[in-house]
Amino acid sequence: MSLILLIEQVLNGLQLGVMLFLMAAGLTLVFGVMGLINLAHGSLYMIGAFAAAAVAGATGSFLLALVAALAAAAAAGAIVELVVIRRLYDRDHLDQVLATFALILIFSEGTRYIFGSFPLYLSIPDYLSGPVSLPGGIQYPLYRLTLIGIGLAVAVGLFLLISRTRLGVQIRAGEADREMVAALGVDISKLYTIVFALGAALAGLAGALVGTIQSVQVGMGEPVLILAFVVIVIGGIGSIKGALIGALLVGLTDTLGGVLLPELFKLFMDASSASSTGSALASMLIYLLMAAVLFWKPKGLFGGAA
Amino acid sequence: MMRERHLNLILLAGLLAIPVWAWITDEPFTITLATRVAILALAGVGLNIALGLGGLVSLGHAAFFGIGGYAMGILASHAQNYDPIFTTPFLFEGTKSMPVIWLTAIVMGGIAALLIGLISLRTSGVYFIMITLAFGQMFYFFSISWPAYGGEDGLSIWVRNGFPGLNTLDPIQFFALCFVLLLLALGLHWTLARSGFGLALNAARQSEARVEAAGLTPFRLRLVAFVISGMVTALAGALFADLNRFVSPTMFAWQMSGEIMVFIILGGVARLCGPVAGAALFITLEHWLGGVSDYWHVFLGALLLLVVLFARGGLIGALVKKEPAHD
Amino acid sequence: MTEPVLETRGITKHFGALVASDAVSLDLHAGEIHAVIGPNGAGKSTLIAQICGALTPDAGTVHLEGQDVTALSTAERAEAGIARTFQISSLAMEDTVLQNTMLGALGAAGKRPSLFRPILRDRALRALAEAALEQVGLAERRAVRVADLSHGQRRQLEVAVALAQAPKAFVMDEPMAGLGTSGTHDLTALLDGLRTQAPILLVEHDMDAVFALADRISVLVYGRIIATGSVEDIRRDSAVRDAYLGDAA
């Protein structure tokens, strides 16, 4: 395998990683501040993708599509928070799991009812399509490079938001002590709605961005949701830094494992069984990574730190 | 209002009477529906041992359900192709015998639960939920990418496996087998709940510190419960595969884990027959609402949401008065 | 002098710059109640956690009947014979009084609980649990759920669970917490009779109870024991008066 191919795969891994970060950041914020496990986060990702596909189809504008994805997911998040989620904060995790599982069923079937069962396609705008030349003669799709850029920009923005702004202070206080926030005179229920909508918007953005390289269809959110859980478990629940590191680790492990393991097995197996054994094992790799991290650090790499 | 014990008897009698009536009136489809209820309830009883007694919110029980399914699929497919599973170091052939398949499913389910439990039970709360969900997904992706046993397409078994002395192709006889296994599993749950182990496990759910201070190790209690739970659910998986004569990665899907949990919640958490009531309600809804609308999951979701938000005791909780956990 | 039943030898625990336990050496002899008193933040909870196994000391050892138990887990120490009660009642709230007490008896049995035998039919364990309930005066309430008990009854049940463990030593963390006058009076009488069954290391805020019960008192301030002695010794000790008792004595 050539070095160029390897670098390409590293970039692919980074791209998957930053998209996972967009999902995981919202999940981990919602858990850190409200103590809620939200299975329906994948539905918000799906809503973002469908909103983008619908608007792109109607207007032809990719930027408008992204705006629509952010707005639709944030709105759906806020509504769900107001109607259902806020009744769950002081419930046990079992109730949270079941209620948000119910939300998945409602969102998935509702979307299927509106858009049908066939996948939609979002196309990459002309100004972002095609490859770019990177140093060393590597040709890499501009769009994927843009995704990496957007993901990293959002990560920086989120760090600034949490460390520099009033909202960030309230979020950090909320992670430390809920009663204290209320005592400080912060409107806690408004804060919760904002945090939830923010997480939803990030998920919706991820859905729209990924929707252009995969198809937009019902059920697209849950595999990503579960990967995001793996990310959070590795990084430590409630930690944005952990979510970023975990997301990059998972993205790189999954992508590189899928390429490198079959190559590795080819050293001592015939080609076809090497590729099947290799890819079967590669599919388990991130879970084994998770198991290994948990074995050493049951609270994740950055667990305990807010 | 009635006593839970009486309601349990009514539930089980109903689950027995409906297929018997269908057998008399020659409606094999109803028998198959009842068989589905019995098998899914069995999977739920398995989860209920971890969830109801131990408070372990496992969102990865599809792993055990699927392992049971594949235990059946792999053994039976090798047997129907007259192709041994391996020949070295000893000859290991497939089989079409249900007892052997069940035993294999139980053992494999137990081993998987032991390994998953050893890692995931070191954590608790949300971590435990996410980790069990992730491990379930690991099996799902593995089954898709492992081509030897059908990959994404799954495995079909041409003829239902056999049980000595019975004709398992006869729906009512296969139902009887599943029903008896369900009763045995319920008996196991009931026995565990009344035992010293069950007392300690149930106490560890409520106050971990107290159980430790009494000289018992919550981790060990939970691991044992998790393994037993995985075994029962794996057995249900083997039966489910035999009912459909088909096994595929969807048995490992996270939705399956969610559904097994939904049976328990619809019926009532920590209730002995909660999974029976829940599975019966689920299949009934699927059958009726599925006929009314292709989008019946919306109604299921709404019902589930209402139960969680407003009727936490589930079906059994709504019908019986409060009693001590076990007297 | 005979060997102490329970003993700490120079246990020290730091949390960052804070010294929560500073070379604490304590001993508990057969037949006595040894009270540990001290102001809030003196390190009493940390001390109990190290004796019972929830925390491992940075230095020093814990001994039960001469055996070093410092490396044992909470559960193993309980099995070895240390029974504790909690400052905030830690009981299985959904279970009955008898079930909670059986849990203690199950620990006393020192073997893995059976998966299949109905626990309430185990005559030996049941006798242990019933005797403990009888002794604390909860026998009449055996079938009541803990959630339906009064606060005072829960404090009694805490003691009953520990008693059912048939321990070599009791470690009690503020058993009087939250009790009114009559509740404190009843529990004082109960503990008074208990010392002959197993000695009690008693951490308590209620000074009347401590002075009524203790054979010896140790005073813990900023993680250090500043005095140990009889009730009279402690009342008279000027360092103790300055550091802590002040107007209380």
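Residues numbered from 1 in each chain as written. Chains lettered and ligands numbered in written order. Predicted model: local features only at pLDDT ≥ 70, side-chain atom pairs only at ≥ 80, totals over all residues.

When its secondary structure is counted, chain A shows 11 helices and 2 strands. Moving toward the C terminus, one meets the helices and strands of chain A in the order α-α-α-α-β-β-α-α-α-α-α-α-α. Here the C-alpha atoms of chain A give a radius of gyration of 20 Å, agreeing with the 19 Å that 2.2 N^0.38 yields for 306 residues. In terms of overall dimensions, chain A has a C-alpha envelope of 65 × 50 × 35 Å along the principal axes. Residues counted as buried form 51% of the 306 residues belonging to chain A. In chain A, 76% of the contacts between residues at least 6 apart in sequence involve partners at least 24 apart. (Helix = DSSP H or I, 4+ residues; strand = E, 2+ residues; numbered from the N terminus. Rg over C-alpha atoms; globule rule 2.2 N^0.38 Å. Buried ≥ 20, exposed ≤ 12 C-beta atoms within 10 Å, placed from the backbone. Contact = placed C-beta atoms within 7 Å.)

What follows concerns the overall build of chain C. What chain C contains, in helices and strands, is 9 helices and 10 strands. Its C-alpha radius of gyration of 18 Å places chain C within 12% of the 18 Å reference for a compact globule of 249 residues. The principal-axis extents of the C-alpha atoms in chain C amount to approximately 55 × 40 × 35 Å. Relative to its full complement of 249 residues, chain C shows a buried share of 50%.

All names here are of chain C. Each assigned domain of chain C is listed here: domain 1 (1-81 + 169-249) and domain 2 (92-166). A separation of 25 Å is found between the C-alpha centroids of domain 1 and domain 2. Residue-level contacts link 9 residues of domain 1 with 11 residues of domain 2. Elements with a minimum of two residues in the side of domain 1 that touches domain 2: helix H2 (74-80) and helix H6 (181-194). Along the lines of polarity and charge, the residues of the side of domain 1 that touches domain 2 split into 6 nonpolar, 2 polar and 1 charged. (Domains from an automatic or database assignment. Nonpolar A, V, L, I, M, F, W, Y, C, P; charged D, E, K, R; others polar.)

A word on the interface of chain C and chain B. Of the residues lining the interface, 29 residues belong to chain C; the matching set on chain B comes to 23 residues. Among the elements of the structure, H2 and helix H3 (97-109) of chain C are those that each provide at least two residues to the side of chain C that touches chain B. Looking at the side of chain C that touches chain B element by element, the count peaks at 6 residues for H3(C). Of the residues in the side of chain C that touches chain B, the class split is 15 nonpolar, 8 polar and 6 charged.

Each side of the interface is counted separately: chain A has 38 residues, and chain B has 35 residues. Taken together, the elements giving at least two residues each to the side of chain A that touches chain B come down to helix H4 (93-115), helix H9 (221-235) and helix H11 (271-296) of chain A. The biggest single contributor to the side of chain A that touches chain B is H4(A), with 16 residues. Here the residues of the side of chain A that touches chain B sort into 27 nonpolar, 6 polar and 5 charged.

A few words on the sheet that holds strand S9 (residues 216-221) of chain C. Backbone-to-backbone hydrogen bonds pair the strands of a sheet. The strands run either parallel or antiparallel. Residues and elements named next belong to chain C. Pairing within the open sheet is mixed, and its 6 strands lie in the order S6-S7-S8-S3-S9-S10. The sheet is open, and its two borders are formed by strand S6 (82-85) and strand S10 (224-229), each paired with just one other strand. Direction aside, the axes of adjacent strands within the sheet are offset by 20° on average. Relative to the sheet, helix H1 (residues 44-52) contacts strand S3 (33-37), S6, strand S7 (169-173), strand S8 (200-203) and S9, its axis offset from that of S7 by approximately 150°. (Pairing = 2+ DSSP bridges. Axes fitted to C-alpha atoms, helices over the stretch in contact; angles between N-to-C directions.)

Attention now goes to the confidence of the model for chain A. In this model, chain A carries an average pLDDT of 89, and 98% of its residues clear a pLDDT of 70 or more. Helix H3 (residues 62-83) of chain A holds the highest mean pLDDT among the elements of chain A, 95, whereas helix H7 (residues 178-183) of chain A holds the lowest, 71. (pLDDT = per-residue confidence, 0-100.)

Right, let's get into the arrangement of the chains. Inter-chain contacts occur across 2 pairs of chains; the most extensive set of contacts lies between chains A and B. Contact between chain A and chain C is absent, and the least distance between their C-alpha atoms amounts to 16 Å.

Before going further, it helps to examine the pairing of strand S2 (residues 18-28) of chain C. All names here are of chain C. Two strands pair when backbone bridges link them, and strand S1 (residues 6-15) and S2 are joined in this way by 7 bridges, in the antiparallel orientation. Counted as the bridge partner of Leu-6 is Leu-28 from S2. In textbook terms, the turn of a hairpin is the stretch between consecutive antiparallel strands, and for S1 and S2 this stretch comprises 2 residues, one of which, Gly-16, has a positive phi near 60°.

Core analysis: the largest hydrophobic core is formed by 305 residues, its most contacted members being A:Ala52, A:Val230, B:Leu42, B:Ala134 and B:Leu235. Excluding anything up to four places from it in sequence, B:Leu42 contacts B:Leu181, B:Leu182, B:Ala185, B:Val232, B:Leu235, B:Ala236 and B:Leu239. (Core = buried A, V, L, I, M, F, W, Y, C linked by C-beta atoms within 7 Å.)

The next thing to look at is the environment of C:Ala20. All names here are of chain C. Relative to the helices and strands, Ala-20 resides in strand S2. The buried category is assigned to Ala-20, around which 24 C-beta atoms lie within 10 Å. With 146 residues separating them along the chain, Ala-20 and Ala-166 place their C-alpha atoms 31 Å apart. Look past the residues within four positions of Ala-20 in its chain and what remains in contact with it is Lys-13, His-14, Phe-15, Gly-43, Thr-46 and Gly-223.

Glancing now at the environment of B:Val107. Residues and elements named next belong to chain B. Its place among the elements puts Val-107 in helix H4 (residues 98-120). Taking the C-beta count within 10 Å as the criterion, Val-107 has 14 such neighbours and is therefore assigned partly exposed. A sequence separation of 124 residues divides Val-107 from Met-231, and the C-alpha atoms of the two residues are 6.8 Å apart.

This part covers the sheet that holds S1(C). Residue and element names in this part refer to chain C. The 4 strands are arranged S2-S1-S4-S5 in an open sheet whose pairing can be described as antiparallel. What marks the edges here is a single partner per strand, and that holds for S2 and strand S5 (67-68). In the sheet, strand S4 (residues 59-64) pairs with S5 via 2 bridges, with the strands oriented antiparallel. The residue bridging Leu-64 from the neighbouring strand is Gln-67, located in S5. Across the sheet, H1 touches S1, S2 and S4, and the angle it forms with S2 is around 60°.

Before going further, it helps to spend a moment on the pairing of S7(C). Residues and elements named next belong to chain C. The buried fraction of S7 is high, at 5 of 5 residues. Because side chains alternate across S7, one face comprises the buried residues Ala-169, Val-171 and Asp-173, and the other comprises Phe-170 and Met-172, equally buried. Here S6 pairs with S7 via 4 bridges, running parallel. Its bridge partner lying in S7, Thr-85 is registered against Met-172. Bridge count between S7 and S8: 4 bridges; the pairing is parallel. Counted as the bridge partner of Asp-173 is Val-203 from S8. Assessed by its sense of winding, the connection that carries the chain from S7 through H6 to S8 is right-handed. (Right-handed = clockwise from strand over helix to strand, strands pointing away.)

Looking now at the packing of helix H2 (residues 41-59) of chain A against H4(A). When two helices pack together, their arrangement is given by the angle between the helix axes and the distance between those axes. Residue and element names in this part refer to chain A. Between H2 and H4, whose axes approach to 9 Å, the crossing angle comes to 20°. Judged by the angle between their axes, H2 and H4 are roughly parallel. The element H2 and its partner H4 pack so that their crossing is left-handed. In this structure, H2 contributes Gly-42, Ser-43, Met-46, Ile-47 and Phe-50 to the contact, and H4 contributes Leu-103, Ile-104, Phe-107, Ser-108, Thr-111 and Phe-115. Of the residues in the contact of H2 with H4, the class split is 7 nonpolar, 4 polar and no charged. (Parallel < 35°, antiparallel > 145°, perpendicular 65-115°, else oblique. Left-handed = near helix turned anticlockwise from the far one by under 90°.)

This part is about helix H6 (residues 166-176) of chain A. All of the buried residues in H6(A) are A:Gln170, A:Ile171 and A:Gly174. Burial along H6(A) is one-sided: seen end-on, the buried residues are contained in an arc of 100°. (Arc of directions from axis to C-beta.)

With that out of the way, let us pick up unusual backbone geometry. Phi at B:Tyr82 is positive, roughly 50°, even though this residue is not glycine. Checked against the element boundaries, B:Tyr82 lands in the loop between helix H3 (62-80) and H4.

All names here are of chain C. Burial within H1 is extensive, with 8 of its 9 residues counted as buried. Of all the residues in H1, the buried ones are Lys-44, Thr-46, Leu-47, Ile-48, Ala-49, Gln-50, Ile-51 and Cys-52. Just past H1, the residue Gly-53 takes up positive phi, approximately 110°.

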